[in-house]
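Each chain, written out:
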Amino acid sequence: MTVTVRFAPSPTGRLHVGNARPALINWLFARKQGGRFILRIDDTDRERSRQDHEEAIGRDLAWLGLAWDLKVSQSTREDLYEAAAERLKAAGRLYACYETPEELEYKRKRQLARGVPPVYDRAALTLTAAERQAFEAEGRRPHWRFKLEDGDVRWNDLCRGPCHYHASHLSDPVLVRGDGTSLYTLPSVVDDADLGITHVIRGEDHVTNTAAQIQLFLALGATPPQFAHLPLLTDTAGQGLSKRLGSLSLGELRASGIEAMALNSLLAKLGTSDAIQPRQTLDSLIAEFDIGKFSRATPKFDPLELEHLNARLLHEMSFAEARPRLQQAGLDGDEAFWLAVRANLTQMNDAKDWWHICRETVSPVIEDAAFASQAADLLPPEPWTADTWKGWTGAVQQISGRKGRELFHPLRLALTGRENGPELKTLLPLIGRSRAAARLRGDAA
Ligand code: GLU
């Protein structure tokens, strides 16, 4: 049996860190096991689903590097859901209900007032044919509930361990609305069964749906998959992320200079006891992945931690890995450039400034024109290497009598126009003799 998992976003908004995490974990799980990763677009809600959100989901997953083996959209599979509903009706497991939302709310309030759990009372099961006809004559269209079987539903959750729910504590879920469209539960289970999903890995907000879903798999003659419910991310204060999700969308993070592998490195390890380290490739994360490492404790997402990880990722990035990213940033930097500047970056775009300083024009900051022009006179002929700096500044030191910061700081200001930056011994050969000489003489070059 091929391990098959799915990531099932609803295209009603943009992906954010909270749903990138199950996407990544599903993907790593599949790749680790040599299995398949399916992207399932849960677009049965016609009013809220949008094409642009669906396209953005594809772009965001591609950015993270999470290629899918198959993509399906629920809106194209409604025949399957209708057929399943008919089978359930024929088996007596799907029954028509006529309560209005107001009537259901009234019942719920009364139950709560009496101190009993607000479980649907199955009044619809006792309707006579005449009562049903009377509702139909009033113009009421029935919605359809799945009749749960009494008894314990158990499963061994890969994250939460043994779980069980007693069906009598659950309401029979509505599977089909009055207008004939299906709600989430039916399409989800039908697709999981039809697509051969072996493991459902998702957020723990779905734990309470699982017992009913297991019964639905069985009622449809399918074997339930294994389940893993991951705790939901919170902010550093332990609050849900929902209020901040706009700024934590993948699009925003990408625009703010976060590297996909920084986010992957964080999300693959948050909530596990593994140390969070920058990883340059998904292959490293696959090698380290084990679903059993995810604990039930609530993982906290800290944007600052992500920024630090992003900087560390860049500091350790080889030129081979950096090259396509440099090109995307419009820079034709070579290995010497990359190795010179990477330790000074907090995001890839910062490389543009250093590119500018090495290859384009800088307005030099001259503190002492006589000293700077003396230093210019001493610049050796090219070719320059990483040793040029030492020889040159040795000569400048001898003639000027300056040393330490007094010697180096004015040279940095003149050559780069900046207070700080990469080591000058690596920058100097990149700047080259003619620019260096002009800048030391106070000319923009
Ligand atoms: N579309 C559902 C959601 O985003 C999928 C839940 C599931 O994985 O079963 O919550």
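Here's what I pulled together on the structure shown here. For clarity, every value in this text was computed on a predicted model and none was experimentally measured.

## Some words on the layout of surface pockets
Alright, step 1. Its volume calculated, the largest pocket comes out at about 940 Å³.
Alright, step 2. Lining of the largest pocket is provided by 41 residues; of these, Ala8, Pro9, Asn19, Asp205 and His206 occupy positions nearest its centre.
Alright, step 3. Going through the elements one at a time, β1 (4-7), α1 (17-32) and β9 (199-203) are the ones with two or more residues in the lining of the largest pocket.
Alright, step 4. Considering each element in turn, the lining of the largest pocket owes the most residues, five residues, to α1.
Alright, step 5. The residue inventory of the lining of the largest pocket, partitioned by class, reads 15 nonpolar, 16 polar and 10 charged.
Alright, step 6. Looking at the second largest pocket, it is lined by 24 residues, and the ones nearest its centre are Trp63, Glu259, Ala260, Arg325 and Gln328.
Alright, step 7. At four residues, the largest contribution of residues to the lining of the second largest pocket is made by helix α12 (residues 319-328).

## Section: the sheet that holds strand β4 (residues 94-97)
Alright, step 1. One open sheet holds the three strands; their spatial order is β4-β5-β8, and the pairing between them is antiparallel. If you trace the sheet from one side to the other, it starts and ends with β4 and β8 (174-176), each paired once. With direction set aside, neighbouring strand axes in the sheet form an average angle of 45 degrees.
Alright, step 2. Across two bridges, strand β5 (residues 143-146) lies against β8 in antiparallel orientation. Residue Trp144 lies in a different strand from β8, and its bridge partner there is Val176.

## Things to note about the site of the ligand
Alright, step 1. In the vicinity of the ligand, the residues found are Arg6, Ala8, Ser10, Asp42, Tyr184, Ser188, Arg202 and His206.
Alright, step 2. A distance of 2.6 Å separates a nitrogen atom of the ligand from a polar atom in the side chain of Asp42.
Alright, step 3. Residue Arg202 places a side-chain N or O atom 2.9 Å away from an oxygen atom belonging to the ligand.
Alright, step 4. Looking at the shell around the ligand, its residues break down into two nonpolar, three polar and three charged.

## Points about the pairing of strand β3 (residues 70-73)
Alright, step 1. Where strand β2 (residues 36-41) meets β3, four bridges bridge the pair, whose relative direction is parallel. Of the residues in β3, the one forming a bridge with Ile38 is Leu70.
Alright, step 2. With helix α2 (residues 51-64) bridging β2 and its parallel neighbour β3, the resulting β-α-β unit is right-handed.

## Comments concerning the pairing of β2
Alright, step 1. Within β2, five of the six residues are buried, leaving the element largely enclosed by the surrounding structure.
Alright, step 2. Pairing analysis gives four bridges linking β1 to β2, with the strands arranged parallel. Looking across to β2, one finds that Arg6 is bridged to Ile38.
Alright, step 3. The handedness of the β1 to β2 crossover, carried by α1, is right-handed.

## Considering the nonpolar core
Alright, step 1. By size, the foremost hydrophobic cluster in this structure holds 88 residues, and its most contacted members are Leu263, Phe301, Leu326, Trp338, Trp392 and Leu440.
Alright, step 2. Sorting elements by how many residues they give to this core places α1 first, with nine residues.
Alright, step 3. In this view, Leu440 contacts Ile366, Ala372, Ser373, Ala375, Ala376, Leu379, Trp392, Leu411, Ala414 and Leu415; residues no more than four positions away in its chain are not counted.
Alright, step 4. Core analysis: the second largest hydrophobic core is formed by 39 residues, Tyr120, Ala124, Leu175 and Val190 among them.

## Some thoughts on the pattern of salt bridges
Alright, step 1. The final tally for this structure, using the stated rule, is 30 salt bridges.
Alright, step 2. Note that Glu259 is salt-bridged to Arg325, the shortest N-O span being 2.7 Å. Placement of the pair is Glu259 in the loop between α8 (250-255) and α9 (260-267) and Arg325 in helix α12, with a sequence separation of 66 residues.
Alright, step 3. Taking the relative accessible area as the measure of exposure, Glu259 reaches 4% and is therefore buried.
Alright, step 4. Since its relative accessible area comes to 25%, Arg325 is described here as partly exposed.
Alright, step 5. With its nearest N and O atoms 2.7 Å apart, the salt bridge here joins Glu288 to Arg279.
Alright, step 6. Relative accessible area serves as the criterion here: at 22%, Glu288 is assigned to the partly exposed category.
Alright, step 7. With a relative accessible area of 22%, Arg279 lands in the partly exposed category.
Alright, step 8. Here the residues in one salt-bridge network are Arg6, Arg40, Asp42 and Asp192, joined through shared partners.

## Describing the packing of aromatic side chains
Alright, step 1. Tallied over the full model, the rule gives seven aromatic pairs.
Alright, step 2. Seen in terms of ring centroids, Trp155 and Tyr165 are 5.9 Å apart; in terms of plane orientation they differ by 5 degrees. Their pairing is stacked. Here Trp155 is found in strand β6 (residues 152-157), whereas its partner Tyr165 is found in strand β7 (residues 161-166), with 10 residues between them in sequence.
Alright, step 3. Note on Phe289 and Phe294: the rings are 6.0 Å apart at their centroids and 50 degrees apart in plane angle, and the pair reads as tilted.
Alright, step 4. Given the relative accessible area of 6%, Phe289 is considered buried.
Alright, step 5. Judged by its relative accessible area of 4%, Phe294 is buried.
Alright, step 6. Here the guanidinium or amino end of Arg145 rests over the ring plane of Tyr120, the centre of that ring lying 3.8 Å away.
Alright, step 7. Just above the ring of Phe371 sits the side chain of Arg402; from NZ or CZ to the centre is 4.0 Å.

About the criteria used
Residues numbered from 1 in each chain as written. Predicted model: local features only at pLDDT ≥ 70, side-chain atom pairs only at ≥ 80, totals over all residues. Heavy atoms only, no water. 1 Å grid on protein atoms, 1.4 Å probe; cavity = no way out; pocket = protein on both sides within 12 Å on 5 of 7 lines; lining within 4 Å. Points joined across faces, edges and corners; volume = space filled by probe spheres on them. Helix = DSSP H or I, 4+ residues; strand = E, 2+ residues; numbered from the N terminus. Nonpolar A, V, L, I, M, F, W, Y, C, P; charged D, E, K, R; others polar. Pairing = 2+ DSSP bridges. Axes fitted to C-alpha atoms, helices over the stretch in contact; angles between N-to-C directions. Near = heavy atom within 4 Å. Polar contact = N/O pair within 3.5 Å; in protein donor to acceptor, adjacent residues only side chain to side chain. Right-handed = clockwise from strand over helix to strand, strands pointing away. Buried < 20%, exposed > 50% of the residue type's maximum accessible area, 1.4 Å probe, protein only. Core = buried A, V, L, I, M, F, W, Y, C linked by side-chain atoms within 4.5 Å. Contact = heavy atoms within 4.5 Å. Salt bridge = Lys/Arg side-chain N within 4 Å of Asp/Glu carboxyl O. Phe/Tyr/Trp six-rings, centres within 6.5 Å; stacked < 30°, edge-to-face > 60°. Lys NZ or Arg CZ within 6 Å of the ring centre and 35° of its normal.

Remember, this is a structural readout, not a statement about activity or role.
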